[in-house]
Amino acid sequence: MFGKIIHLAVCLAFPALIGAAAPLEIDTLTEHGVTMILTAAGHPVADPDGGMTVPPPLKDGDLVAVVSPSGEAHDTDFQAITRTLEDQGWRVRIGEHAAGRNGTYSGSRQQRLSDLSAALTDPEVKAVICTRGGYGAVHLLEDLAELPLSDNPKWLVGFSDISALHALMNSNGIASIHGPMGINMTSPEHISNSCRALFDILKGYGVKYEVDTHPYNRNGVVEATLTGGNLAVIDGLASTPFDCFRPGSVLFIEDVSEPIYKIERMLYRLKLSGVLDMLGGLIVGAFTDVAPDHNYTSMECMIRDMVAEYDFPVAFGIPAGHVKVNVPLILGAPVRLEVTDRATVITQ
């Protein structure tokens, strides 16, 4: 489904995307055909062009909160998650109801809201990592929007249903990370490259991913703000205060267990509302647990046809979403997307 990742590099942070000197390489890691190059870099605190605040990097001893704002996570090994994060030099606080269960949720709406509100407003907490996705984050948006989030910007991390919370953070002018969650951190002795990249972003490094070309790609180069996430989630927030579709942006999409026709219907809504026409670029992540139908052999075939009439660059086969290699992407931050006959390069 995905092109082999040629390089997964942690490099110079986002504002200096173009024309900067090559960052100093300090380490190289390989895993499952993935090469990660760690490089020394500084870290900005804001995107001067887009007005988005990039939360400050984490230091040794900083406090990380782990919460479960969506699906139930009572079987999750929170002790292992704690060890994984403590190995990075951070202190860890598990939300009071993170391991709870209330139907399909980790707690009642009020319990989940209490945990997440406390983490987002506590000035001692420097990052909030969600345990898992599922469904339920949308229940919390109205109340969370009343919080003074911009007074104490911090990283929020997760994917899938957590895309609703990324939309919240970005609507408040705060960048956030679409990437591995707590359930992906339960093997402290075997940290994936995706988690390593996430931890380096949290520590203040930028990222660079180089992925093999895909036959459906459309070549081009664009520098813009990255937005998006789980398509079903962000489509459901369109025309609300948490609408993340912005003119000129690079849109990232992924999803799981959605029939091809349902994703096509979402893309038609974006087309008919003018969203596709105003995009600066498109990153097509993982669409997993999808069966062919009578019209298309794959989700990628349908998406290719849906965007054929436009001229913005399109990158298929980016391993981000519900897949084992789930590279972290910084939503609300600048991105350089370069799609060529040789490879796709994503730099933040």
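Coordinates for the structure precede this section.
In short, a report on the structure. No experiment lies behind these values; they were computed from the predicted model shown. (Residues numbered from 1 in each chain as written. Predicted model: local features only at pLDDT ≥ 70, side-chain atom pairs only at ≥ 80, totals over all residues. Heavy atoms only, no water.)

1. What to know about the overall build of the protein chain
Reasoning step 1: When its secondary structure is counted, the protein chain shows 8 helices and 16 strands.
Reasoning step 2: Burial statistics for the protein chain: of 348 residues in total, 57% are counted as buried.
Reasoning step 3: As displayed, the protein chain has an accessible area near 13,700 Å², and 49% of this comes from carbon and sulfur atoms. (Helix = DSSP H or I, 4+ residues; strand = E, 2+ residues; numbered from the N terminus. Buried < 20%, exposed > 50% of the residue type's maximum accessible area, 1.4 Å probe, protein only. Areas by Shrake-Rupley, 256 points an atom, 1.4 Å probe, with all protein chains shown as cover.)

2. Points about the pairing of strand S9 (residues 206–212)
Reasoning step 1: Within S9, 5 of the 7 residues are buried, which leaves the element mostly enclosed by the surrounding structure.
Reasoning step 2: Relative to strand S16 (residues 343–347), S9 runs antiparallel, the two being bridged by 5 bridges. Opposite Tyr 209, over in S16, you have Ile 346 as the bridge partner. (Pairing = 2+ DSSP bridges.)

3. Digging into the packing of helix H7 (residues 260–272) against helix H8 (residues 299–306)
Reasoning step 1: Packing of H7 against H8 leaves a shortest axis separation of 10 Å and a crossing angle of 20°. With respect to H8, the element H7 is oriented roughly parallel. Crossing of H7 over H8 shows right-handed handedness. Contacts between H7 and H8 involve Ile 260, Ile 263, Glu 264, Leu 267, Tyr 268 and Lys 271 from the first element and Met 299, Met 302, Ile 303 and Met 306 from the second.
Reasoning step 2: A class-by-class count of the residues in the contact of H7 with H8 yields 8 nonpolar, no polar and 2 charged. (Axes fitted to C-alpha atoms, helices over the stretch in contact; angles between N-to-C directions. Parallel < 35°, antiparallel > 145°, perpendicular 65-115°, else oblique. Left-handed = near helix turned anticlockwise from the far one by under 90°. Contact = heavy atoms within 4.5 Å. Nonpolar A, V, L, I, M, F, W, Y, C, P; charged D, E, K, R; others polar.)

4. Quick word on the sheet that holds strand S4 (residues 63–67)
Reasoning step 1: With mixed pairing, the 6 strands of this open sheet are ordered in space as S5-S4-S6-S7-S8-S14. Across the chains shown, the open sheet's two edge strands, defined by having one partner strand only, are strand S5 (91–94) and strand S14 (329–331). The sheet shows a mean angle of 25° between the axes of neighbouring strands, direction not considered.
Reasoning step 2: Alignment of strand S7 (residues 155–158) against strand S8 (residues 176–178), held across 2 bridges, turns out to be parallel. Bridge pairing links Gly 158 to His 178 in S8.
Reasoning step 3: Helix H1 (residues 78–86) rests against S4, S5 and strand S6 (125–130) of the sheet, and its axis sits at about 155° to S5.

5. Notes on the pattern of salt bridges
Once their charged atoms are close, side chains differing in charge can pair, the charge on each being opposite to the other.
Reasoning step 1: According to the stated counting rule, one finds 11 salt bridges in the structure shown.
Reasoning step 2: Between Asp 122 and Arg 93 there is a salt bridge whose closest N-O contact spans 2.8 Å. Of this pair, Asp 122 sits in the loop between helix H2 (109–121) and S6 while Arg 93 sits in strand S5; the two residues are 29 residues apart in sequence, bridging distant segments of the chain.
Reasoning step 3: Arg 336 is the partner of Glu 338 in a salt bridge, and the nearest nitrogen-oxygen pair spans 3.7 Å.
Reasoning step 4: Classification of Arg 336 as buried rests on a relative accessible area of 19%.
Reasoning step 5: Through salt bridges with shared partners, a single network forms among Arg 91, Arg 93, Asp 122 and Glu 124. (Salt bridge = Lys/Arg side-chain N within 4 Å of Asp/Glu carboxyl O.)

6. Re the packing of aromatic side chains
Reasoning step 1: Applying the stated criterion across every chain yields a total of 4 aromatic pairs.
Reasoning step 2: Ring centres 5.8 Å apart and planes at 80° place the aromatic pair Trp 90 and Phe 199 in the edge-to-face group. With Trp 90 in the loop between H1 and S5 and Phe 199 in helix H5 (residues 193–202), the pair connects residues that are 109 residues apart, well separated along the chain.
Reasoning step 3: A centroid spacing of 5.8 Å and a plane angle of 80° characterise the contact between Tyr 216 and Phe 316, whose relative ring orientation is edge-to-face. In this pair, Tyr 216 is assigned in the loop between S9 and strand S10 (220–230) and Phe 316 in the loop between strand S13 (314–315) and S14, connecting sequence segments 100 residues apart.
Reasoning step 4: By relative accessible area, which is 24% here, Tyr 216 ends up partly exposed.
Reasoning step 5: In this structure, Arg 218 packs its charged tip against the face of Phe 312, placed 5.3 Å from the ring centre. (Phe/Tyr/Trp six-rings, centres within 6.5 Å; stacked < 30°, edge-to-face > 60°. Lys NZ or Arg CZ within 6 Å of the ring centre and 35° of its normal.)

7. Concerning the side chain of Thr 76
Reasoning step 1: The residue Thr 76 is located in the loop between S4 and H1 in this model.
Reasoning step 2: Under the relative-accessibility criterion, Thr 76 is labelled buried at 17%.

8. Notes on the environment of Glu 258
Reasoning step 1: Here Glu 258 is to be found in the loop between strand S11 (250–256) and H7.
Reasoning step 2: We classify Glu 258 as buried; its relative accessible area is 17%.
Reasoning step 3: Placed 30 residues apart in sequence, Glu 258 and Thr 288 show a C-alpha to C-alpha distance of 8.3 Å.

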